[in-house]
Amino acid sequence: MTLVELFVSYLKIGFFGFGGGYAMLSLIHSEVVVSHGWLTNGEFSDIVAISQMTPGPIAINSATYIGYEVAGIWGSVVATVAVSLPALTLMLLITHYFLRLQNNRYVKGIVSGMRPVVVGMIASAALLLMFPKSDDGRSFIDGWSWAIFGATLLGSAYKVNPIVLIVLSGVAGVVIYGFL
Amino acid sequence: MRQLLEIFWSFLKIGAFTFGGGYAMIPLIQHEVIHRRRWIEERDFLDLLTLAQTAPGPIALNTAVFVGYKHRGYMGALSAIMGVIVPSFLVILVVAIFFASIRDNVYVDAAFKGMRPAVVALIVAPIVGLTKGMRWWLVAVALAVAMVVWYFGISPVWFLIAGAVVGACVVARRGGEQC
């Protein structure tokens, strides 16, 4: 039963995954944390951090990881296949009808109608991790958290590689919370 | 068969060396698919990027399907998509299996305490760039969606559908049709 739920959830995430990885985070959060309670907010946040440091798209990484957490190896297979299926079928269709679709004014209208929603989804992913509804897994626990947040934002503005930023903040965490 | 293996291998490399999401892999794809293998041409690549960003799903997968299909049809698309998925799947599976046993370690926990606010910063960073060039009321819509999804836990799917319907309607009205 869980496998079916996993399949349906990740099919949904794949099908509505407009706007790339960060926009998909709010969809994944909505399915995995809010609707099904498979993960806590803190675990979700950890998986995002791990996804940043490992190769591959966040959607695939999170599907494999959460699938395994929820239902073992088969869970990870089912979730990964489910999240890839819509991309495979839709892109095949689009590639096939490529020229006709690309200049279609309805397609353009639909895409521009979804754009503000996608931006909102990215912002909601940030809000969900900044101000979670439960006490578990707060991203911000003290002044140090805000210092790391500010430093990462600055680094990102100067186009420092995100993996470097994540690794540095991990090192900062070990120093601050492990030794100080 | 040889060609399918070549497609699989090329996308395996792309999948294994892209850290940090879709846009990071664009130069890699360009090198492998246009310059090295010559499977598609430079100008097709631009169309491909527009398409891969328009369609739902990870940009990496969408690109793989397009290139694989153009080069070797359905089996090509399947080989390419498998190539992208396999490295990420294996790495994460190993991490998932071993992570549970080290998660409670004091230093691992400390590292994740440090990484959590950094993750939030990486999500916040692109928002400013994305809102540039958007009209103020569209920014207001984005803000409203963010607040509602966050505060009430409503699935963003409904807002995507609403956005698509409104977008299609605006185009229809402009064409003098009823909506």
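Residues numbered from 1 in each chain as written. Chains lettered and ligands numbered in written order. Predicted model: local features only at pLDDT ≥ 70, side-chain atom pairs only at ≥ 80, totals over all residues.

## Section: the interface of chain A and chain B
Consideration 1: In this complex, chain A contributes 89 residues to the contact, which on the side of chain B involves 78 residues.
Consideration 2: Counting only elements with at least two residues in the side of chain A that touches chain B, the list comes to α1 (2-15), α2 (21-35), α3 (41-53), α4 (58-96), α6 (105-130), α7 (143-157) and α8 (162-179) of chain A.
Consideration 3: No other element matches the 22 residues that α6(A) contributes to the side of chain A that touches chain B.
Consideration 4: Among the residues making up the side of chain A that touches chain B, the classes are represented as 55 nonpolar, 30 polar and 4 charged. (Contact = placed C-beta atoms within 7 Å. Helix = DSSP H or I, 4+ residues; strand = E, 2+ residues; numbered from the N terminus. Nonpolar A, V, L, I, M, F, W, Y, C, P; charged D, E, K, R; others polar.)

## Looking at helix α1 (residues 2-17) of chain B
Consideration 1: Between the first and last C-alpha of α1(B) there are 23 Å, a value that for 16 residues agrees with the 22 Å anticipated at 1.5 Å per step.
Consideration 2: Tucked inside the fold, the buried residues of α1(B) contact α2 (26-36) and α4 (59-102) of chain B. (Expected span 1.5 Å × (residues − 1).)

## So, the packing of α7(A) against helix α5 (residues 106-131) of chain B
Consideration 1: One can describe the packing of α7(A) onto α5(B) by two numbers: an axis separation of 8 Å at closest approach and a directional angle of 40 degrees. The angle between α7(A) and α5(B) falls in the class oblique. For the pair α7(A) and α5(B), the crossing hand works out as right-handed. Here A:Ser145, A:Trp146, A:Ile148, A:Phe149, A:Thr152, A:Leu153, A:Ser156 and A:Ala157 of α7(A) come into contact with α5(B), specifically with B:Gly114, B:Pro117, B:Ala118, B:Val120, B:Ala121, B:Leu122, B:Val124 and B:Ala125.
Consideration 2: Among the residues making up the contact of α7(A) with α5(B), the classes are represented as 12 nonpolar, 4 polar and no charged. (Axes fitted to C-alpha atoms, helices over the stretch in contact; angles between N-to-C directions. Parallel < 35°, antiparallel > 145°, perpendicular 65-115°, else oblique. Left-handed = near helix turned anticlockwise from the far one by under 90°.)

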